[in-house]
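Residue-level structural notes
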Amino acid sequence: MKLTNKFTLWYFAIMLVVLLIGGAIVYYEIQWKISKVEVVRHQRLNDLIAQQIRTGGDFSGSPTRKRAAIDEIPAGNMPKGANSYYTRGVGWNPEFQANEYRLVVTSFYAINGKYYRITTYSYIPSFYQLLPGVVDSFKWILLVLLVLVAISSKLIPKYILSPLSRTLKVIQYFDLKQRKPIRLPETRTSEFKELNIFLKKMTDKALEDYQSLKEFAENASHELQTPTAIIRGKLELLMESDIQDDQAILIAEMHNALEKLSRIHSSLTLLTKLENKEYVTEIPVCLSELTRETLVSFDELIQMKSLTLKCHIEDNVYIHLHSSLADLLLTNLVSNAIRHNIPGGTIRVSLTKTGLVIANSGLTPQVPVTELFERFKKGDPASDSIGIGLAIVRQICELMNFNIIYEYAASQHTIAISFQPSIPASKLLQNLSFPLYPVL
Amino acid sequence: MKVLIIEDHQELARNINDFLVKEGYICEQCCTLEAAREKLSLFQYDCILLDIGLPDGNGIHLLDLIRTEYKQSNVVIISARNAVDDKIIGLEKGADDYLTKPFHLAELHARIRAVYRRKNLGGTYIVEFNEIRLNTDTFEALIGETPLDVTRKEFDLLLYFIVNKNRVLSRQSIAAHLWGDYTDNLANFDFVYQHVKNLRRKIGNAGGTDYISTVYGLGYKFNAHKEAET
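Summary of the structure given here. (Residues numbered from 1 in each chain as written. Chains lettered and ligands numbered in written order. Predicted model: local features only at pLDDT ≥ 70, side-chain atom pairs only at ≥ 80, totals over all residues. Heavy atoms only, no water.)

**Considering the packing of helix α4 (residues 190-240) of chain A against helix α5 (residues 245-275) of chain A**
Residue and element names in this part refer to chain A.
- In contact at an axis separation of 9 Å, α4 and α5 are set at 150° when each is read in the N-to-C sense. Here α5 runs roughly antiparallel to α4, going by the angle between their axes. The interaxial crossing formed by α4 with α5 has left-handed handedness.
- Of the residues that constitute the contact of α4 with α5, the class distribution is ten nonpolar, nine polar and five charged. (Axes fitted to C-alpha atoms, helices over the stretch in contact; angles between N-to-C directions. Helix = DSSP H or I, 4+ residues; strand = E, 2+ residues; numbered from the N terminus. Parallel < 35°, antiparallel > 145°, perpendicular 65-115°, else oblique. Left-handed = near helix turned anticlockwise from the far one by under 90°. Nonpolar A, V, L, I, M, F, W, Y, C, P; charged D, E, K, R; others polar.)

In structure tokens form, the structure reads like this:
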């Protein structure tokens, strides 16, 4: 749920409670005020009547006496303290022939040694008559508030939260690998300011760390190269010298280990370079031709393992990819398909404008297939490879925005690469034109 | 052949030197751009091995000088930087080949020979050894007068052997030579064994001498003196 919607809902709930309480307050206040005003009026009327009595004379026809009752009471009945009180209640109104709410005000006077009780009354609107009016007005208030809140919840956040949304956008597009420090929008809101400062600090630190890590990796790999070359040269010179068989074995083992070291090294360097986006090109490469060439160059190896190659290669498949990367991609995939194959197995290659699919028979991998894309992960831990080929393949795919998947089913390892980001690689497997006809 | 090794790592330079001296080359070493300029102005070299990362500058700068003043020299760049740009710039500036460290010395030797053949033998592409004749342009091989039916890889292998005759060639070095940089995925050296086996069989069938022998534990060797023994 959006922050603004949450806020709006909360505000609305609070408003509802406030309005309900406010409604009750208004209702009782009005009601009390009306009574109060009436009581004061009647007290004045009672005073007037008392004045008339005091002056003497006949006022029985006077309009003041219309709803007044004057009783002479014994002195003992005079209340102590307040000399006036009022009562409210429903009473019969003969004028309207209906039961109405009646307010009765009774006052006591001592006039010329006599004691009087003067009672006047009038009919006022009852609570129940007021209630619909109160409810109605609050309904309107609520409606107006609702409309205003709805509109403002759309407009105000846009204005107030705009620095936040811009910050979010900047963060979203932040990429460590591009090595560009982020530039956050100016804001006067202190929380956003704080957030921006924090983000800026964090990303700058991340960039710095990334940079130093990369530099370390690059330097380490560069500095390792020369010693490796020296050791290799010495070993090669040593091989030429007059050596015993057991020494030869030792040298060969050293040579093997060194070879592996230098392979790991060059693969890591390559991966670093891929990450650094050192391979950019504007010229599309003809993948059809390259795939055929790659398959031909591996022909001997395929035959040595007695593998059956079936392929379907569409003509004129051009993609935007550096030619050495395309070469690397195909070489890695094809050699993988050969190496992890079983003697007498099959390799199937399908190249269309949308993607490339390479399937080969092979043993069940001992780790989940998705993990095989990780560096130094091998399907068979005992194998002699260093397990970096697929990591390179994935890196190239990531670089080019290709979608890649690896599937293992029914002794078939299948790698599918979609050249179009909009088409998932799994889709390629569905419209695959397998079984393919044999070629070469 | 006179070779100038411009390489700032003394040990590496000495390795190359030792290897090439055994081939009968005359080698000289220097480890800075300045020293290289001086040597070049004083002597003439058939081949220059140029390291790009030198303490006093980028070796690429030397290429301009070599191309204008000392045209007759072949240049093979040896670099620790396997950057595509370096390679392209190096070759565009007139280097004849580019080799990335760490390399096999036999590979370096093969490259030097190839570059030398291309430029100095007046357009002949024939490599001859006793009864074996290889045409590096058409990839045809002859044993005496009998054509040898070899695949491209076997041809490359034979050429590699002949260039590096009397040397122990490790399986790794052969694999790297035949399949290039991406041998990780072909670490299985059975392929090398297969190729060598096929090559020996084919030479034998064509009536040639079996010069190639297995060196226990290490690899193979092309024995130039074999004929005398048989």
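Read on for the rest.
**Comments concerning the interface of chain B and chain A**
- Of the residues lining the interface, 40 residues belong to chain B; the matching set on chain A comes to 45 residues.
- Both sides of the chain B and chain A interface together cover about 3,900 Å² of buried area, and 59% of this is carbon and sulfur.
- Applying the counting rule to chain B against chain A returns two salt bridges.
- Among the ionic pairs, K234(A) bridges to E11(B), the shortest N-O distance being 3.1 Å.
- Applying the counting criterion to the chain B and chain A interface returns seven residue pairs in polar contact (both at pLDDT 80 or more).
- Looking at the side of chain B that touches chain A, the elements with two or more residues in it are α1 (10-22), α5 (105-120), β12 (168-170), α7 (171-179) and α8 (190-205) of chain B.
- A total of six residues in the side of chain B that touches chain A trace back to one element, the largest contributor, which is α1(B).
- Considered class by class, the residues forming the side of chain B that touches chain A number 18 nonpolar, 14 polar and eight charged. (Contact = heavy atoms within 4.5 Å. Buried area = accessible area lost by both parts, 1.4 Å probe. Salt bridge = Lys/Arg side-chain N within 4 Å of Asp/Glu carboxyl O. Polar contact = N/O pair within 3.5 Å; in protein donor to acceptor, adjacent residues only side chain to side chain.)

**Concerning the environment of L363(A)**
All names here are of chain A.
- Tracing the backbone through its elements, the reader meets L363 in the loop between β9 (355-361) and α9 (389-400).
- What makes L363 exposed here is its relative accessible area of 63%.
- The spacing of L363 and Q412 is 49 residues in sequence and 8.3 Å in space, taken between C-alpha atoms.
- Excluding residues within four positions of it along the chain, L363 makes contact with H340, I342, Y408 and H413. (Buried < 20%, exposed > 50% of the residue type's maximum accessible area, 1.4 Å probe, protein only.)

**Brief notes about the pairing of strand β14 (residues 219-222) of chain B**
All names here are of chain B.
- Alignment of β12 against β14, held across three bridges, turns out to be antiparallel. Across the sheet, L169 pairs through a bridge with Y220, a residue of β14.
- Relative to β14, strand β13 (residues 212-215) runs antiparallel, the two being bridged by four bridges. Bridging from a neighbouring strand, T214 pairs with Y220 of β14.
- Counting the residues in the hairpin turn of β13 and β14 gives three residues, including G217, whose phi is positive at 80°. (Pairing = 2+ DSSP bridges.)

**Concerning the packing of aromatic side chains**
- Using the criterion set out here, one finds ten aromatic pairs over all chains in the structure.
- On the numbers, 5.8 Å between centres and 85° between planes, the contact of Y121(A) with Y123(A) is edge-to-face.
- With relative accessibility at 24%, the residue Y121(A) sits in the partly exposed group.
- Taking 5.3 Å as the distance between ring centres and 70° as the angle between the ring planes, the aromatic pair formed by F129(B) and F222(B) counts as edge-to-face. One end of the pair, F129(B), is in strand β8 (residues 126-129); the other, F222(B), is in strand β14, with 93 residues separating them in the sequence.
- A relative accessible area of 1% places F222(B) in the buried class.
- Members of the aromatic cluster, joined through ring pairs, are F129(B), F161(B), Y211(B) and F222(B).
- Its end group placed over the ring of Y121(A), R102(A) keeps NZ or CZ at 5.3 Å from the ring centre.
- Taking NZ or CZ as reference, K2(B) lies 5.1 Å from the ring centre of Y45(B), over its face. (Phe/Tyr/Trp six-rings, centres within 6.5 Å; stacked < 30°, edge-to-face > 60°. Lys NZ or Arg CZ within 6 Å of the ring centre and 35° of its normal.)

**Considerations on the sheet that holds strand β8 (residues 346-351) of chain A**
All names here are of chain A.
- Across the sheet, five strands lie side by side as β6-β8-β9-β11-β10; this open sheet has mixed pairing. Across the chains shown, the open sheet's two edge strands, defined by having one partner strand only, are β6 (308-313) and β10 (403-409). Neighbouring strand axes in the sheet, compared pairwise and without regard to direction, differ in orientation by 10° on average.
- Note: β6 against β8, six bridges, orientation parallel. Looking at β8, one finds that L309 is bridged to I347.
- The sheet contacts of helix α8 (residues 323-339) involve β8, β9 and β11 (412-418), and relative to β9 the element is tilted by about 20°.
- On top of the sheet, α9 reaches β10 and β11; it is set at about 140° to β10, its chief contact.

**Brief notes about α8(B)**
Residues and elements named next belong to chain B.
- Between its first and last C-alpha, α8 extends 22 Å over 16 residues, near the 22 Å set by a 1.5 Å rise per residue.
- Residues of α8 that are buried: F191, V192, H195, V196, N198, L199, K202 and I203. The buried residues of α8 occupy one face: seen down the axis, they fall within an arc of 160°.
- A positive phi of about 85° marks G207, the residue just after α8. (Expected span 1.5 Å × (residues − 1). Arc of directions from axis to C-beta.)

**Describing the pattern of salt bridges**
Residues and elements named next belong to chain B.
- A full pass over the atoms with the stated rule returns 23 salt bridges over all chains.
- Close ionic contact of E28 with K39 constitutes a salt bridge, the shortest N to O distance being 3.0 Å. On the criterion of sequence distance, the pair formed by E28 in strand β2 (residues 26-30) and K39 in helix α2 (residues 33-42) is long-range, its members being eleven residues apart.
- Since its relative accessible area comes to 18%, E28 is described here as buried.
- K39 gets classed as partly exposed once you look at its relative accessible area, which sits at 24%.
- When the shortest N-O distance is used, the salt bridge between R200 and D210 registers 3.1 Å. Highlighted residues: R200 in helix α8 and D210 in the loop between α8 and β13, separated in sequence by ten residues.

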